[in-house]
Amino acid sequence: MTAILTNPLRVGLRQEKLPEPQIITIFGASGDLTQRKLVPAIYQMKLDRRLPPEITVVGVARRDWSHEFFREHLKQGVIEFGNGIQSEAAWEEFAQGLFYCPGDIDKPESYLRLKAFLGELDESRKTLGNRVFYLSVAPNFFPEAIEQLGAADMLADAQKQRLVIEKPFGRDLTSAQNLNQVVQKVCRENQVYRIDHYLGKETIQNLLVFRFANAIFEPLWNRNYIDHVQITVAETVGVEDRAGYYESAGALRDMLQNHLMQTFCLTAMEPPNSLDADSIRTEKLKVLQATRLADLQNLERCAVRGQYSSGWMKGKEIPGYRQETGVDPNSTTPTYVAMQFAIDNWRWKGVPFYLRTGKRMPKKVSEIAIQFKEVPWRIFQSAAKQANPNVLVLQIHPDEGISLQFEAKMPGPDLRTRTETMEFGYDSSFGVKSSDAYDRLLLDCMLGDQTLFTRSDEVEEAWRIVMPALSAWESDRNPNTIPLYEAGTWEPIEAELLLNQHGRRWRRI
Amino acid sequence: MPTTLQSPPMAKLLSSKNVAINEIPAALQELWQVNANAQRANTFSVVIYEPAPIQQLLTALGFYDGPIDGINGPLTRDALAKSQQAYDLTITGKANEVTFTKLEEAYLAASKQNIAPTAAEQNYRAADAIAESGPSRIVTLCATNSTASELEAQVSAYSPIKKREQSAMLGCEYVMFSGNAALLEANSQIVQDVLLPDLPLYVWWKGTPKVDHALFSSLADRATHVLVDSATFVDSVMDFLSIPPLLTQGRSIIDINWQRIAPWQELTAATFDPPERRNAINEIDLVEVNFERGSSAQAWMYIAWLAGRLGWEPQSYQMVGGDYQLRQLQFLASDGRTIKAELASMPIAEVGEVVGDLMGIKLDSSDPKANCTTILCSETAGCMRMESGGKAQSGLVEQVNSLADQNAEQLVADNFHRSNRDWLYAETMTVLSKILSLNAV
């Protein structure tokens, strides 16, 4: 990939909208996210001429840093975690727009000082009062920060002032509703950008294009032709150094309720009226409203949790979850979740959607697999002597792309079939890596395009779906009831049974 | 597949009326006092310079009852079709030479007989992409044949009715000045005076941009963007020479004809996206460009873009002529290869609304083993001429579903909210100037 030169004919062809001059204020700016992701992404966009020269970043955190220290701190971040400085002059110009404003998230005077400072910057940087407030702080500070911003009258202008929140949006239905109420008290829904960085991924967006720009698949995209759908997001990493957060979250909150649920929505939703934010989000909401866990009477038949025990990966012995530093030795936090959803609508009645996500899986892989029904009557013999239904796979990671499995005749005199795949890969077709999700989402926020952000009612509806399982699991604190799986294997046996009871199997990927 | 543009519904706030120049502000102010539930949109202003007085002729002869705004919208096309029917011309709905001459004759004949054209109630049903984009004020400058020594002015106001209506109607004021071209130029101050201060201004200059034209330069100085359409340049290609100086003066010129070649650029780039073809881009040394006879502007911009992007230095340019009015060019690549290019104009029966659309592109190499052969052609033309020579077998053939005849109004309106300057256009214009000046020597 790195050896080929950029396509000179491609340069400059894309005419992008340029955001208005604005100030991005990051709360929790001393944290990793700012240094490793946010600012490197903003800087790269600046180098790519996708941002106006007036763009200004103000970091807010408790530490007593100077502007200069903050700039140097971020420069290190761009060098270490971004694409490098590239042009010293460009960095100098960019750094002139970086500022630091120390403050406490719970002190009203901090907000007043910040407000005054932003007002001064409006003058010197010509940013016209356009603001993005990015909350990169622990989720339990969200309500406080939002209320304070509201109290300081910093979110009053619905046109010019925006609020960015990172997941998690609450930790269950009640807390999500509370958070939404706090938000709605101080600003309007069209000012709020709930970032789920999964939605920034090219493949997820391509799902919309694939479904609604092609006439050949959509007629098949329903209960008449689809047997079931599997959505997998598997990680090889363990809890790493996030035990403090992960212990209270677990795989359901960390991954399934947001990333997998968004992927699920885009796979199952009806065609939107248009591409504007609310048309798409309304369709996503509709499909969520029709969705439930498949068997609410017997939760264990539609929702399985698991936790990794020690095992071997890449020739190294891996500690089990309960042996990780910072984890309770009797922890019941799930590191694996599998669920079966049922959608009660005309398109999907009777088609199960299986979602699974876990840590310490054998492979880091994310995909959506649409398995079609088998042929009504098999007249050919398969070389492998097995049923081979057609599967359409939308691969998210690694190698973003789309592949379709179909049966082909094996060379030779007899009519024997074998499964082959037609493949499309982003890399090989476009010759570029798909861009980092963060910069796309940041840019959309600056442009005021909410399409790829989650709306409050979507968040609540997604929580509603998983609540039965969540509350059942949370109330069961017995460390012996949570199924275990060995690190480096796919899932606990209970998760196998989830599909086997219907005569289906998880894809081996 | 042609899509018909539907006119958005418009609510009339003020019928068109003649006013004296110094009464324009008062007339407009009064308008918003009368219409309590409507207010002027606070967005941007548009100036349209209309050198061809087709709407006026149509109005005078009773075919047209819409506003004289220089916008060739559905209403104008209806009127043109009506007039063509009345005069037994081919009904196209387009302002071609024959129709224009006929209208002028009829107008002269009518004015000799002293028949006053009926002032039809101006029933504004139709509008167009520009009105729908929600400007605050559209100022139309209509050059006419009039011999009057003072500008005439008309004001009117309409409000586009949007699907999701906000509480108040957001209306647009129309101010129209007419007078002969010299009079308009001499009165650029009057035009400046009716522009809304503090709002962005977009100028659609339907003519050749000329730096030394007083009206043009005074408007260009204030405008966020000046939009022109090189498909209608009078002198054709030599008019391009006036653009680089304007760009270097920091003015933003957007040629909507440049945007018409975007699908061709996109597909050209796309054929070299796959990594296995990427390096073949440096093997191209033969380029053929076919275009609809009438305007070579798109062909020139395409070749200049390609040369600029691939670092080809223009070496020579000559007009060969012949059936296809061939133009031959030579470039020198940075690695010493000589690149030959040929622009051929194709006679074609129905050019559509826009003349000079690209019809076919062939990128090829004199090395038979090269993997760069690419043929792009539009559906109107077919690829026959391009495919001859047996290269089609080994090359990549793509059909450009060219959005043929992209309507000028829509393209103009699409540009209103663009805020970044198009450096690619500037680069292309620099290369094009270099090529064109080769011939001048």
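This one's a predicted model, so the numbers in the text were calculated from it and none came from an experiment.

Parameters at a glance
Residues numbered from 1 in each chain as written. Chains lettered and ligands numbered in written order. Predicted model: local features only at pLDDT ≥ 70, side-chain atom pairs only at ≥ 80, totals over all residues. Heavy atoms only, no water. Helix = DSSP H or I, 4+ residues; strand = E, 2+ residues; numbered from the N terminus. Buried < 20%, exposed > 50% of the residue type's maximum accessible area, 1.4 Å probe, protein only. Contact = heavy atoms within 4.5 Å. Areas by Shrake-Rupley, 256 points an atom, 1.4 Å probe, with all protein chains shown as cover. Domains from an automatic or database assignment. Buried area = accessible area lost by both parts, 1.4 Å probe. Salt bridge = Lys/Arg side-chain N within 4 Å of Asp/Glu carboxyl O. Polar contact = N/O pair within 3.5 Å; in protein donor to acceptor, adjacent residues only side chain to side chain. Pairing = 2+ DSSP bridges. Axes fitted to C-alpha atoms, helices over the stretch in contact; angles between N-to-C directions. Nonpolar A, V, L, I, M, F, W, Y, C, P; charged D, E, K, R; others polar. Patch = residues over 30% accessible without salt bridge, like charges linked within 9 Å, V, L, I, M, F, W, Y side chains within 5 Å. Lys, Arg positive; Asp, Glu negative; His and termini not counted. pLDDT = per-residue confidence, 0-100. Phe/Tyr/Trp six-rings, centres within 6.5 Å; stacked < 30°, edge-to-face > 60°. Lys NZ or Arg CZ within 6 Å of the ring centre and 35° of its normal.

1. Considerations on the overall build of chain B
And then number 1: Check the secondary structure of chain B and you find 16 helices and 16 strands.
And then number 2: Taken over 441 residues, chain B has a buried fraction of 54%.
And then number 3: Nonlocal contacts in chain B, meaning residues at least 24 apart in sequence, comprise 73% of its contacts between residues at least 6 apart.
And then number 4: Carbon and sulfur atoms make up 51% of the accessible area of chain B, which totals about 19400 Å².

2. Some words on the domain arrangement of chain A
Residues and elements named next belong to chain A.
And then number 1: Structurally, chain A comprises domain 1 (3–194) and domain 2 (199–375 + 458–500).
And then number 2: In this structure, domain 1 and domain 2 have C-alpha centres spaced 31 Å apart.
And then number 3: Of the residues lining the interface, 10 residues belong to domain 1; the matching set on domain 2 comes to 12 residues.
And then number 4: Both sides together, the interface formed by domain 1 and domain 2 hides about 1100 Å², and carbon and sulfur atoms give 56% of it.
And then number 5: Three residues, Lys167, Arg171 and Leu173, lead the burial of domain 1 against domain 2; their summed loss comes to 51% of the area buried on that side.
And then number 6: For the salt bridge of Lys167 with Asp254, the shortest nitrogen-to-oxygen distance reads 3.3 Å.
And then number 7: Linking domain 1 with domain 2 are 5 residue pairs in polar contact (both at pLDDT 80 or more), by the criterion used here.

3. Points about the pattern of salt bridges
All names here are of chain A.
And then number 1: Under the definition given, this model contains 44 salt bridges over all chains.
And then number 2: For Arg131, the salt bridge goes to Asp122, with nearest N and O atoms at 3.0 Å. Each of the two residues, Arg131 as well as Asp122, counts as buried.
And then number 3: In this structure, Arg242 engages Asp254 in a salt bridge whose closest nitrogen and oxygen atoms are separated by 3.4 Å. Note that Arg242 is positioned in the loop between strand E7 (226–234) and helix H8 (243–268) and Asp254 in helix H8, a separation of 12 residues in sequence.
And then number 4: In this structure Arg242 comes out as partly exposed when scored by relative accessible area, which is 31%.
And then number 5: Residue Asp254 is classed as buried on the basis of its relative accessible area, which comes to 2%.
And then number 6: Here the salt bridges share partners, and the residues they tie into one network are Arg211, Glu218, Glu270 and Arg347.

4. Some thoughts on the sheet that holds strand E1 (residues 23–27) of chain A
Residue and element names in this part refer to chain A.
And then number 1: Here we have 6 strands laid out as an open sheet, ordered E3-E2-E1-E4-E5-E6, and parallel in their pairing. Lying at the two open borders of the sheet, with one neighbouring strand each, are strand E3 (98–100) and strand E6 (192–195). In this sheet, neighbouring strand axes are inclined to one another by 20 degrees on average, regardless of whether the strands run parallel or antiparallel.
And then number 2: Relative to strand E4 (residues 131–135), E1 runs parallel, the two sharing 5 bridges.

5. Quick look at the interface of chain A and chain B
And then number 1: In this assembly, 20 residues from chain A lie in contact with 23 residues from chain B.
And then number 2: Where chain A packs against chain B, one counts 2 salt bridges.
And then number 3: Run the count over chain A and chain B and you get 6 residue pairs in polar contact (both at pLDDT 80 or more).
And then number 4: Considered class by class, the residues forming the side of chain A that touches chain B number 8 nonpolar, 7 polar and 5 charged.

6. Examining a nonpolar patch on the surface
And then number 1: On the surface, A:Trp377, A:Ile379, A:Phe380 and A:Leu415 cluster together to form a nonpolar patch covering roughly 520 Å² of accessible area.
And then number 2: Relative to the assigned elements, A:Ile379 resides in the loop between strand E14 (365–372) and strand E15 (381–382).

7. Observations regarding the side chain of A:Arg162
Residues and elements named next belong to chain A.
And then number 1: With respect to the secondary-structure elements, Arg162 resides in strand E5 (residues 161–166).
And then number 2: Despite its burial, Arg162 pairs with no opposite charge, the nearest such side chain being Glu20 at 7.3 Å.
And then number 3: Within polar-contact distance, the side chain of Arg162 engages the backbone oxygen of Cys445 at 3.0 Å.
And then number 4: At a separation of 2.8 Å, a polar atom in the side chain of Arg162 contacts the main-chain carbonyl oxygen of Met446.
And then number 5: Non-local contacts of Arg162, meaning those with residues more than four positions away in its chain, are made with Gln22, Arg131, Val132, Phe133, Leu155, Gln191, Tyr193, Cys445, Met446, Leu447 and Gly448.

8. Details of the environment of A:Thr357
Residues and elements named next belong to chain A.
And then number 1: Topologically, Thr357 is positioned in strand E13 (residues 353–358).
And then number 2: When its relative accessible area of 1% is taken as the criterion, Thr357 is described as buried.
And then number 3: Spatially, the C-alpha atom of Thr357 lies 9.7 Å from that of Arg305, the residues being 52 residues apart in sequence.
And then number 4: Ignoring sequence-local partners within four residues, the contact set of Thr357 consists of Val233, Ala251, Met255, Leu256, Leu260, Thr335, Tyr336 and Val337.
And then number 5: From its side chain, Thr357 meets the backbone oxygen of Val233 in a polar contact 2.9 Å long.

9. Details of the confidence of the model for chain B
The predicted coordinates ought not to be read in detail in places where the model reports low pLDDT.
Residue and element names in this part refer to chain B.
And then number 1: Here chain B shows a mean pLDDT of 77. Residues at 70 or above account for 78%.
And then number 2: Mean pLDDT across the elements of chain B ranges from a minimum in helix H14 (residues 384–387), with 64, to a maximum in helix H13 (residues 297–310), with 93.
And then number 3: Across residues 1–6 the pLDDT falls below 50, and counting only partners more than four positions away or on other chains, this stretch makes 4 contacts in the model.
And then number 4: Throughout residues 114–127 the model reports pLDDT below 50, and contacts reaching past four residues in sequence, or to other chains, amount to 31 contacts.
And then number 5: The ipTM value of the predicted complex is 0.71, and its pTM value is 0.78.

10. So, the packing of aromatic side chains
How two aromatic rings sit relative to each other is given by the distance of their centres and the angle of their planes.
And then number 1: In total, this model carries 32 aromatic pairs over all chains according to the counting rule given.
And then number 2: A ring pair is formed by B:Tyr302 and B:Trp305, whose centres lie 5.5 Å apart and whose planes are at 55 degrees; its orientation type is tilted. Of this pair, B:Tyr302 and B:Trp305 both sit in helix H13, 3 residues apart, which is roughly one turn of that helix. With respect to burial, B:Tyr302 and B:Trp305 carry one shared label: buried.
And then number 3: A network of ring pairs unites the aromatic residues A:Tyr246, A:Tyr308, A:Tyr321, A:Tyr336 and A:Tyr485 as a single cluster.
And then number 4: Positioned above the aromatic ring of A:Phe99 is the side chain of A:Arg71, whose terminal nitrogen or guanidinium carbon lies 5.3 Å from the ring centre.

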